[in-house]
Amino acid sequence: MRIKIDPDQPEPGLLARAAQILREGGLVVFPTDTLYGLGADPFNSQAVARAAQIKGRDAADPFPLLAADEKQARGLCADWPSAAQRLARRFWPGALTLVLSADLSGGCAGIDPRLLNQRGCIALRVPANAAARGLIKLLGRPLVGTSANLSGNAGALDPQLIERELGAGVELILDAGVLPSNPGSSVVALCNPSPKILRNGAIDPSLITDALREIQDGAI
């Protein structure tokens, strides 16, 4: 089912309906500031498996998670280094994904293991999109936020194309119209001794480097 939604002032009832579908193990397509996301409850292994199956994605390739705000993201992490603090305050909400050690005895207890990399790290982002953040807040937990397309296909920008590609496998598509062709999020790994940019994306890498350099200079 595809329902129109205002991405800037989403109707609370529609978001509540989408959140309930997610709680019941369903899949929801929703707009973000980069691409349309394919949402699933990260603590529901069957839902995560369904998301991987309809995308045709290798189960060994972890999905990223979207959080409503920095506080929710921090609650999932075993460690929140100064680099995470600086980058989150500078670029969140926005198109920056941080890879951090998961707190498997705390906020990530019970999370589907396919969302972790081999080192027990998770990929986190706070999207700059009112509908996405509103949905996550109503769900009350972070949300799987992989792109809503078949693996290897072009970015998920057009909800009508998404419906043709994935429609039979998802319970709800929140249609905010065709999104601008923006780059995907930049990805920075912070679970190593030194921060490392894993993927260049929407944020100029020099801005990320400058923010990290400020930490070294003592301007946290």
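Scroll up to find the structure.
A brief report on the enclosed structure follows. (Residues numbered from 1 in each chain as written. Predicted model: local features only at pLDDT ≥ 70, side-chain atom pairs only at ≥ 80, totals over all residues. Heavy atoms only, no water.)

Here's the deal with the side chain of Asp 33
Using the following cut-off: Numbering of helices and strands runs from the N terminus; a helix is a DSSP stretch of H or I covering at least four residues, while a strand is a stretch of E covering at least two. Three exposure classes are used, based on accessible area relative to the maximum for each residue type with a 1.4 Å probe and protein chains only: buried under 20%, partly exposed in between, and exposed over 50%. By the criterion applied in these results, polar contacts are pairs of N or O atoms within 3.5 Å in which, for protein atoms, one can donate a hydrogen and the other can accept it, and in which residues neighboring in sequence qualify only through two side-chain atoms. Contact criterion: two residues are considered in contact whenever any of their non-hydrogen atoms come within 4.5 Å of each other.
Considering the arrangement of structural elements, one finds Asp 33 in the loop between β2 (28-31) and β3 (36-40). By relative accessible area, which is 19% here, Asp 33 ends up buried. Side chain to side chain, Asp 33 and Arg 125 meet in a polar contact 3.0 Å long. Within the structure, the side chain of Asp 33 is placed 3.3 Å from the backbone nitrogen of Ala 128, a separation counted as a polar contact. Once you skip the residues sitting within four places of it in the chain, Asp 33 turns out to touch Gly 94, Ala 95, Arg 125, Pro 127, Ala 128, Asn 129 and Asn 182.

Points about the side chain of Arg 125
Among the structural elements, Arg 125 can be located in strand β6 (residues 121-125). A distance of 3.0 Å separates the side chain of Arg 125 from the backbone oxygen of Gly 94, its partner in a polar contact. Discounting residues that sit within four places of it in the chain, Arg 125 has contacts with Thr 32, Asp 33, Thr 34, Leu 65, Leu 66, Ala 67, Trp 92, Gly 94, Ala 95, Leu 96, Thr 97 and Ser 185.

Brief notes about the packing of helix α1 (residues 12-23) against helix α5 (residues 130-139)
Short version of the rule: Lines fitted to C-alpha atoms define the axes, with helix axes restricted to the stretch in contact, and inter-axis angles between N-to-C directions lie between 0 and 180 degrees. Roughly parallel means an angle under 35 degrees; roughly antiparallel, over 145; roughly perpendicular, 65 to 115; everything else is oblique. Should the near helix be turned counterclockwise from the far one by less than a right angle, the crossing is left-handed, whereas a clockwise turn marks it as right-handed. Each residue receives one of three labels: charged for Asp, Glu, Lys and Arg, nonpolar for Ala, Val, Leu, Ile, Met, Phe, Trp, Tyr, Cys and Pro, and polar for the others, Gly being one of them.
Relative orientation of the contacting elements α1 and α5 amounts to 55°, with a least axis distance of 9 Å. Between α1 and α5, the angle falls in the class oblique. Seen along the crossing, α1 lies across α5 with a hand that is right-handed. Along the contact surface, α1 presents Pro 12, Leu 15, Ala 16, Ala 18, Ala 19, Leu 22 and Arg 23, while α5 presents Ala 131, Gly 134, Leu 135, Leu 138 and Leu 139. Counted by class, the contact of α1 with α5 contains 10 nonpolar, 1 polar and 1 charged residues.

Some remarks on the pairing of strand β5 (residues 96-101)
What counts, and what does not: A strand pair is defined by DSSP finding two or more bridges across the two strands.
With respect to burial, β5 is a largely interior element, 5 of its 6 residues being buried. Inspection of the sheet shows β5 paired to strand β9 (residues 186-189) by 4 bridges, in the parallel sense. Following the sheet pairing, Val 99 is matched in β9 by Ala 189. Of the strand pairs in this sheet, β5 and β6 are connected by 4 bridges, and their pairing is antiparallel. What sits directly across from Leu 100, in β6, is Ile 122.

With respect to unusual backbone geometry
Of note, the amide linkage connecting Trp 92 to Pro 93 takes the cis form, showing an omega dihedral of -10°. Summarising the element assignment, Pro 93 is placed in the loop between α4 (82-91) and β5.

A closer look at the nonpolar core
Selection criterion: Among the buried residues, those of types Ala, Val, Leu, Ile, Met, Phe, Trp, Tyr and Cys that are joined through side-chain atoms within 4.5 Å form a nonpolar core.
Ranked by internal contacts, the top residues of the largest apolar core, which has 72 residues, are Leu 87, Trp 92, Leu 96, Leu 98 and Leu 124. With 6 residues, α1 is the largest single contributor of residues to this core. The contact partners of Leu 98, leaving out residues within four places of it in the chain, are Ala 84, Leu 87, Trp 92, Ile 122, Ala 123, Leu 124, Val 188 and Leu 190.

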